[in-house]
Amino acid sequence: MNPLLFASRVQSIKNGRRGMMAVAAALVFSVSPVALSALPVQANSVVHENVSRVIDGSYIVTFNSHEGNGPPLIDPPNLANRGRVPVGESTTGQSRAELAAALGVRGEVAKIFESFNMALINMGAEEAARLERDPRVMRIDQDRTVTLATSEATTSWGLDRMDSLKPELDGQYNYWATGAGRTIYVVDSGISLDAPWVQTEFDGRASVVYDVNGGDGDDCVNHGTAVSAIAGGRGRGVAKGVTLKIAKITDGCTGLSKLSTSIEVFNWLAANAPRGTIVNWSNEISTGDCSVDWISIPLEYAIRVAYDAGVIIVVAAGNDGCDTADYSPVRIVESFVVGGTSSELLPGSDALYDTPGYKSRTGSNVSTFAPAEDVMSIDVSGLWAYFSGTSFAAPYISGLFAVVCQAAAPYCDISSVGDIYTTVRGFGVIGTVVDSDGTPLTNSTSRFIPQQW
């Protein structure tokens, strides 16, 4: 289905929503976001550093393209193994020791990213400087920590706001599509599937497919579980029938991950994930100072390759109040960047307005805003809790993509991701998000895409 036919189909759904709901009442659900039996509690938080820092002795090496002068350093993806290897594993089986020998490097090749012609090498700074002079090497970037784009706070309203064409709350969440048949990869701090109430929340639709620690993907920082539940939980989730695959990228219970770990996951997705797969990346790279930008060419390249392979990539804008133009990966068009709005709707002369919440970044590359302050989800024990941060805005939109892709299947499986982004943005309402003083946002998108399906 081309974008115009898709737009026509979904617009007809939108225009005929009341009639459709009457005809297909058995398929339509109305959920009160504040009427579940479990009382909300404040989740216990793990305090972690929210500024990205370099990792000593760890370098991401990007190689020049092979031009026929001898064999390539990095074997290209093996298409015969597409979808057959675990997340984080290479499709080629190339020897890391042999690559280190070919480079003559005094260090260890820790990972090979065949989709991007990259490798992660553990070596000293002097060796990195020497290797950078190798004509086969395009660039070397030091690995960094990546933080979860989050905090926690205390009033549930997010799901209620998501189905409204304008800023208003009616205590209901109306929907007919559930995201069934679609898949979201939640690249985060894991999920606590051992907890019975967490199991109940996902009805067997969630599974751990990767843990950088070699464990079972258990979430111990109250982040990945909450993100997953907003995207696809049965109680507060947007897409109540979506399949969730969880990739734990944080190191233990620190709330921190390595830049190279995200690249490793995107490498696997680019080589293995079917077109139309959705990724939720609720992380951020922050310098702690808006006057100091930070760009990661390797991370951006990894996202671009996955995007070109048909992967929809939803990214949290970040919580330092800076401009998305100055930071990776929220400055690139291949990221569907989600800013966050406050739970306090701003009265205007003739309407209510959304305002950026919890120090959300703004900027021209923000595709949409979504609820991000005091939103309700579940903690690692499955109890209701309140969370704040653009980390929790992004999964609303990941869930929305799942619902849209189900509603107009097979559009997301056969279209370019750029066309999908443009079409979904077209259902957004422009001008609902303003500054806290009621003035228009400066140098930033003002769009809110409601869940209409």
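Data block above holds the structure.
These numbers were taken from a predicted model, which means no experiment stands behind them.

1. With respect to the overall build of the protein
Now for step 1: Across its full length, the protein carries twelve helices and 22 strands.
Now for step 2: For the protein, with 453 residues in total, the buried portion stands at 57%.
Now for step 3: On the protein, roughly 17,200 Å² of surface is accessible, and the fraction owed to carbon and sulfur atoms is 52%.

2. Some points on the state of the cysteines
Now for step 1: For the coordinates displayed, the defined rule picks out three disulfides.
Now for step 2: The disulfide that involves Cys220 links it to Cys253, with 2.0 Å between the sulfurs. Disulfide Cys220 to Cys253: torsion about the S-S bond roughly -115°, handedness left-handed. Highlighted residues: Cys220 in the loop between strand E9 (206-211) and helix H7 (224-232) and Cys253 in the loop between strand E10 (243-248) and strand E11 (256-258), separated in sequence by 33 residues.
Now for step 3: At a sulfur-sulfur separation of 2.1 Å, the disulfide partner of Cys405 is Cys412. When the S-S torsion is -80°, as for the bridge of Cys405 with Cys412, the disulfide is left-handed.
Now for step 4: Of the residues examined, Cys405 reaches a relative accessible area of 0% and is grouped as buried.
Now for step 5: Cys412 gets classed as buried once you look at its relative accessible area, which sits at 2%.
Now for step 6: Counting only the cysteines that take part in disulfides, in the order they occur along the protein, gives the pairing 1-2, 3-4, 5-6.

3. Comments concerning the packing of H7 against helix H10 (residues 394-407)
Now for step 1: Axis separation between H7 and H10 bottoms out at 7 Å; the angle between their running directions is 35°. Read as a crossing pair, H7 and H10 show a hand that is right-handed. Here H7 contributes Val227, Ile230 and Ala231 to the contact with H10, which in turn contributes Pro395, Tyr396 and Gly399.
Now for step 2: When grouped by side-chain class, the residues that make up the contact of H7 with H10 number five nonpolar, one polar and no charged.

4. Details of unusual backbone geometry
Now for step 1: Put simply, Ser328 and Pro329 share a cis peptide bond, and its omega is -10°.
Now for step 2: One can find Pro329 in the loop between strand E14 (312-316) and strand E15 (336-341).
Now for step 3: Residue Asp374 is not a glycine yet carries a positive backbone phi of 55°.
Now for step 4: Along the polypeptide, Asp374 turns up in the loop between strand E18 (366-371) and strand E19 (375-378).
Now for step 5: Assessed through its relative accessible area of 14%, Asp374 is described here as buried.
Now for step 6: Although it is not a glycine, Asn443 sits at a positive phi angle of roughly 50°.
Now for step 7: On the accessibility criterion, Asn443 (64% relative accessible area) is exposed.

5. Focus on helix H3 (residues 96-103)
Now for step 1: The set of residues buried in H3 consists of Leu99, Ala100 and Leu103. Buried residues of H3 fall within an arc of 100° about the axis and therefore sit on the same side. When the buried face of H3 is taken as reference, the exposed residues oriented beyond 90 degrees from it are Ala97, Glu98 and Ala101.
Now for step 2: Buried residues in H3 make contact with strand E2 (54-63), strand E3 (107-113), strand E4 (118-123) and helix H4 (125-132).
Now for step 3: Of the residues that open H3, the one with a side-chain oxygen 3.3 Å from the backbone nitrogen of Ala97 is Ser95.

6. Digging into the nonpolar core
Now for step 1: Phe116, Leu244, Ile263, Phe266, Ile312, Ile313 and Phe401 are the most contacted members of the largest nonpolar core, which totals 106 residues.
Now for step 2: Other than its neighbours up to four places away in sequence, Phe401 contacts Ile278, Ile312, Val314, Phe336, Ile420, Tyr421 and Val424.
Now for step 3: One finds Phe63, Ala119, Met123 and Ile140 within the second-largest nonpolar core, a separate group that totals 18 residues.

7. What about the packing of aromatic side chains?
Now for step 1: Under the definition given, this model contains nine aromatic pairs.
Now for step 2: Ring plane angle 85° and centroid distance 4.9 Å describe the contact between Phe336 and Phe401, whose orientation is recorded as edge-to-face. Here Phe401 lies in helix H10 and Phe336 lies in strand E15, a separation of 65 residues in the sequence. For the pair formed by Phe336 and Phe401, the shared burial category is buried.

8. Quick notes on the environment of Lys245
Now for step 1: Following the sequence through the fold, Lys245 ends up in strand E10.
Now for step 2: By relative accessible area, which is 27% here, Lys245 ends up partly exposed.
Now for step 3: Along the primary structure Lys245 and Gly190 are separated by 55 residues, whereas in three dimensions their C-alpha atoms are 9.7 Å apart.
Now for step 4: Look past the residues within four positions of Lys245 in its chain and what remains in contact with it is Thr183, Ile184, Tyr185, Val186, Ser207 and Val209.

9. Quick notes on the pairing of E10
Remark: a regular strand shows side chains that alternate across the two faces of the sheet.
Now for step 1: Sheet topology places strand E8 (residues 183-188) next to E10; six bridges connect them, and they run parallel. Along E10, the bridge assignment pairs Thr183 with Thr243.
Now for step 2: With H7 bridging E9 and the parallel E10, this β-α-β connection has left-handed handedness.

10. What about the packing of helix H8 (residues 259-272) against helix H9 (residues 297-308)?
Now for step 1: Direction vectors running N to C along H8 and H9 enclose 20°, while the axes themselves pass 9 Å from each other. In terms of axis orientation, H8 runs roughly parallel to H9. You can see that H8 and H9 cross each other, and the crossing is left-handed. Judged by residue contacts, Leu259, Ser262, Ile263, Phe266 and Ala270 of H8 engage Pro298, Leu299, Ala302, Ile303, Val305 and Ala306 from H9.
Now for step 2: Grouping the amino acids of the contact of H8 with H9 by side-chain chemistry returns ten nonpolar, one polar and no charged.

So, how was this worked out
Residues numbered from 1 in each chain as written. Predicted model: local features only at pLDDT ≥ 70, side-chain atom pairs only at ≥ 80, totals over all residues. Heavy atoms only, no water. Helix = DSSP H or I, 4+ residues; strand = E, 2+ residues; numbered from the N terminus. Buried < 20%, exposed > 50% of the residue type's maximum accessible area, 1.4 Å probe, protein only. Areas by Shrake-Rupley, 256 points an atom, 1.4 Å probe, with all protein chains shown as cover. Disulfide = S-S within 2.5 Å. Axes fitted to C-alpha atoms, helices over the stretch in contact; angles between N-to-C directions. Left-handed = near helix turned anticlockwise from the far one by under 90°. Contact = heavy atoms within 4.5 Å. Nonpolar A, V, L, I, M, F, W, Y, C, P; charged D, E, K, R; others polar. Arc of directions from axis to C-beta. Polar contact = N/O pair within 3.5 Å; in protein donor to acceptor, adjacent residues only side chain to side chain. Core = buried A, V, L, I, M, F, W, Y, C linked by side-chain atoms within 4.5 Å. Phe/Tyr/Trp six-rings, centres within 6.5 Å; stacked < 30°, edge-to-face > 60°. Pairing = 2+ DSSP bridges. Right-handed = clockwise from strand over helix to strand, strands pointing away. Parallel < 35°, antiparallel > 145°, perpendicular 65-115°, else oblique.

Just distances and angles here, no functional claims.
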